Amino acid sequence: MNRALMPTESIGKVDLLLGHATMLTGDRWDDVASMIHEAMGITLLMATTHPSNRPADVPGVARLDAQGCVEQALREVQSWDLALAADLPDLARLRVLLADVRTALDAADGPRG
Amino acid sequence: MWDTVRRELARLQWDAAPPLTLDLMSDWTRTVQCLMAIRRALAPVPAHDPVALLATATTGAARTPGVTPTMSPTLHGVDAALAGVARGFEVGSGIDRRREVATLNQVAYELAHWVRVRTPDDRAKAWLLAGETALDSAVHATRGRSAVGVGLAAWQDALAAVQPVQDAAIVRRSVALGHLAILRNTHDLVGEARETEALHQPYADALLGNIRDLAGAHQTALSRIDGRQLGSSRVDQAVMLRLGVAVRHVTDRPDAAEPLHVRLDALLRSSIGEAVLVANLIQEPSAKPVADALSRLALEYLANPRMLRPADPVGSPHLDALGDRRSASVTDPRTEAPASPEEPSIRLGTVLAGDTVLALCRARDLGVVAASGDAANPPGILRGIDPSRWPQLVGEGRQAVTDLVASVIPMVYAQTRGIPNAADLRGQMFVELMGAAYRFDAQRPGSARWSTYAWTTLEHSRWRGVDDAGVVRTRSHHHSRPRPTNVNLEGREPVSRESDPVDIIEERQAVEAITQALGRLPASLRDPLLEAMQGHPARVIAEDLGFSASTALRRVHEARDHVRGELAARADDGAGVPYETVTDPVLERSQRMSEQTFAPSLGTEPGRGPDR
């Protein structure tokens, strides 16, 4: 049985997005910021363990707010093969964290148009 | 194999109008059965398997009396996908079962979490949390949870590793992100300590203010780093990996078994994740002064760890152990003060008798050995002691070291009085003292007394000095202070256990004695002497106190004679050795300085100021 390919470019994108989200929430001291920081820590380790050959680029990342960053990161993570779980021991935790953060930010901001 | 499951999990998250169920717990019970089917298809299921534990927890949640059904998105799609996976494993071959079990655990963990956060009843939630925790433990079994101290050690190690490549944007970004996480952990802990009055409010407020300011500086630094350029940096992957591991450590969830005061203590002792070094690394100008302020606050804590009180010390095993010790030794001076682990049980500067020092060293040694001893093959020093008492011995050993340090802490202030960057040097000296307390051998024939050994260690530390970032600096005649002339090391290491050099200063407990002698001087003599001891030249003393330089010199000499006489009288009373063999570095330094600075100035300024 073939092993799933490591999505290094996608990991780089998630790292970029969550780094930006961490920066944006650096002056927040609530649970949401705490979860974003934990997700960032997971992704940073993934990115350093599985570096990409190409620079990660997310068009318009500088204009995204924290919610946008988290949503885009969640979509990326959910595109990864679940069989990677054996190689990425924090994969499930990352998925859970991002889903929870998205829910919390949605609840705080109300439904988006 | 898992693709359909992945799609269903995504659908759960994103579907704006999902099909609903009226009873989430019924749905979840079926889903758990599907998870168990996969688990059974992979390998026999032991009782401690996390998916089996999840099934048990789900049974508990479903049987919770009085729980009302919860409407939520249905799990039917997930069930169907999981059933497909189970069928695939039943008929498939060449399956890497270990990897598939790992994947299953992660899927089960994610689903259990999804259900738990949507379950309103707290009792059912508690059951589901038990299952989720079992899965979480299984997922992370190979990595293990780390205590805050371990995480901070990894962090410090990583900061050292990235020094050569600190100009790379990706390094500065990672350091700033990791430190932001440390700051927010500290912010949470300080806030909690403030609420529970475990920390004094003004001190906690000062910490919180500086933490917020430093986080703001990190945000500024991060906003200036162009994310698109990160991938183009050529940085050694091993270095980045160390940094990544360290950031993961410091962003990990806290160990619930570690009490607040232990976590906060570790953070403060690390000067809050080496804030000054981080500020230097990320090269954001606004970060440096705030990091310095944070570091100073942390040093205040080091000087007085009692300012942080354990939130709930009642009934802790450490305190029970201390209670035993108190009852066992009623004459021990340590029994005079209430104690808790890692806080001194004596007043700072308490003079310890020789037998007390011996007892403390014995407790320290027992603790050190007990911490690493093998109960099946106990080391000699622990033979005859029930291994169940070893943890208690470890606590007592730590307490003994803390008390040894506490007994000599005033020396730190004596050594750093009037020195630039005294706070930095004090921090280094506390660390040196802690090491000395572990090394000191009270039973070695001809060894120095503990106070002497500590004093010599501090002398060494002051001589080496530290720079603003807390790094030991290179010895240099350009920026070092004059070496005290009373210690003739003759090639020995200052921390050596040989007794010769330290015999000279041993009998003094000098700072206390000289302070007392100074206190008995009239102000007209004391003030000039104090200024001289701070290194002020005659001209400055004369201007400050309103008389001529020659008068200043005369009064300094007169004051010194008084102090000398007082110390000699004290020695004659048997409180110490004769003054001729006892010199104090502070006094000695003042003598040297006055000789160096007064003599040439006499000729030039004899007529300045009113001669009284």
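## Quick notes on the packing of helix α7 (residues 148-162) of chain B against helix α11 (residues 260-269) of chain B
All names here are of chain B.
Now for step 1: At a closest axis distance of 9 Å, the pairing of α7 and α11 adopts a crossing angle of 20°. Relative to α11, the element α7 lies roughly parallel. Note on packing geometry: the crossing formed by α7 with α11 is right-handed. Residues V148, G149 and L152 of α7 form the contact with α11, whose own contacting residues are R263, A266 and L267.

## Describing the interface of chain B and chain A
By a widespread convention, an interface's size corresponds to the accessible area lost as its parts come together.
Now for step 1: With 53 residues of chain B at the interface, the matching set in chain A holds 41 residues.
Now for step 2: At the level of elements, α1 (3-14), α5 (97-117), α8 (169-195), α9 (201-223) and α10 (237-251) of chain B are the ones that each hand at least two residues to the side of chain B that touches chain A.
Now for step 3: Looking at the side of chain B that touches chain A residue by residue, the classes come out as 22 nonpolar, 19 polar and 12 charged.

## Some points on unusual backbone geometry
Residues and elements named next belong to chain B.
Now for step 1: Positioned with a positive phi, E274 is a non-glycine residue whose angle comes to about 55°.
Now for step 2: With respect to the helices and strands, the residue E274 is situated in helix α12 (residues 271-282).
Now for step 3: The class of E274 is buried, set by 23 C-beta atoms lying within 10 Å.
Now for step 4: With a phi close to 60°, Q283 is a non-glycine residue in the positive phi region.
Now for step 5: Residue position: Q283 is located in the loop between α12 and α13 (287-303).

## Points about α8(B)
All names here are of chain B.
Now for step 1: Helix length check: α8, at 27 residues, gives a terminal C-alpha distance of 39 Å against a target of 39 Å (1.5 Å per residue), a fit within 8%.
Now for step 2: Of all 27 residues that make up α8, 20 are buried, and the element is covered over most of its length.
Now for step 3: One or two positions beyond α8, positive phi appears at E197, with a value near 60°.

## Concerning the confidence of the model for chain B
All names here are of chain B.
Now for step 1: Overall, the predicted model of chain B reaches an average pLDDT of 74, with 75% of residues at or above 70.
Now for step 2: Within chain B, the lowest mean pLDDT, 34, falls on helix α14 (residues 317-328), and the highest, 93, falls on α9.
Now for step 3: Ignoring residues within four places in sequence, the model shows residues 312-341, a span with pLDDT below 50, making 32 contacts including any to other chains.
Now for step 4: In the model, residues 466-508 has pLDDT below 50 throughout and makes 77 contacts with residues more than four positions away in sequence or in other chains.
Now for step 5: Here the predicted complex scores 0.54 on pTM and 0.88 on ipTM.

## Concerning helix α3 (residues 50-62) of chain B
All names here are of chain B.
Now for step 1: Compared with an ideal rise of 1.5 Å per residue, which puts 13 residues at 18 Å, α3 spans 18 Å between its outermost C-alpha atoms and is within 8% of the ideal.
Now for step 2: Of all the residues in α3, the buried ones are P50, V51, L54, A55, A57, T58 and A61. Down the axis of α3, the buried set is contained in an arc of 165°. They therefore lie on one face.
Now for step 3: Tucked inside the fold, the buried residues of α3 contact α2 (24-42), α5 and α6 (122-139).

## Re the environment of B:L425
Now for step 1: Mapped onto the elements, B:L425 comes out in helix α17 (residues 422-439).
Now for step 2: Counting along the chain gives 126 residues from B:L425 to B:L299, while the straight-line C-alpha distance between them is 9.9 Å.

## What to know about the nonpolar core
Now for step 1: Counting 138 residues, the largest nonpolar core has A:I36, A:V70, A:L98, B:A108 and B:L214 as its most contacted members.
Now for step 2: Considering every element that reaches this core, the biggest residue donor is α8(B), with 12 residues.
Now for step 3: Domain assignment of the residues forming this core places at least three in each of domain 1 (3-139) and domain 2 (148-307) of chain B.
Now for step 4: Discounting residues that sit within four places of it in the chain, B:L214 has contacts with B:L183, B:A275, B:A287, B:V290, B:A291 and B:L294.
Now for step 5: Residues B:V357, B:A400, B:V408 and B:A442 belong to the second largest nonpolar core, which totals 33 residues.

What counts as what
Residues numbered from 1 in each chain as written. Chains lettered and ligands numbered in written order. Predicted model: local features only at pLDDT ≥ 70, side-chain atom pairs only at ≥ 80, totals over all residues. Axes fitted to C-alpha atoms, helices over the stretch in contact; angles between N-to-C directions. Helix = DSSP H or I, 4+ residues; strand = E, 2+ residues; numbered from the N terminus. Parallel < 35°, antiparallel > 145°, perpendicular 65-115°, else oblique. Left-handed = near helix turned anticlockwise from the far one by under 90°. Contact = placed C-beta atoms within 7 Å. Nonpolar A, V, L, I, M, F, W, Y, C, P; charged D, E, K, R; others polar. Buried ≥ 20, exposed ≤ 12 C-beta atoms within 10 Å, placed from the backbone. Expected span 1.5 Å × (residues − 1). pLDDT = per-residue confidence, 0-100. Arc of directions from axis to C-beta. Core = buried A, V, L, I, M, F, W, Y, C linked by C-beta atoms within 7 Å. Domains from an automatic or database assignment.

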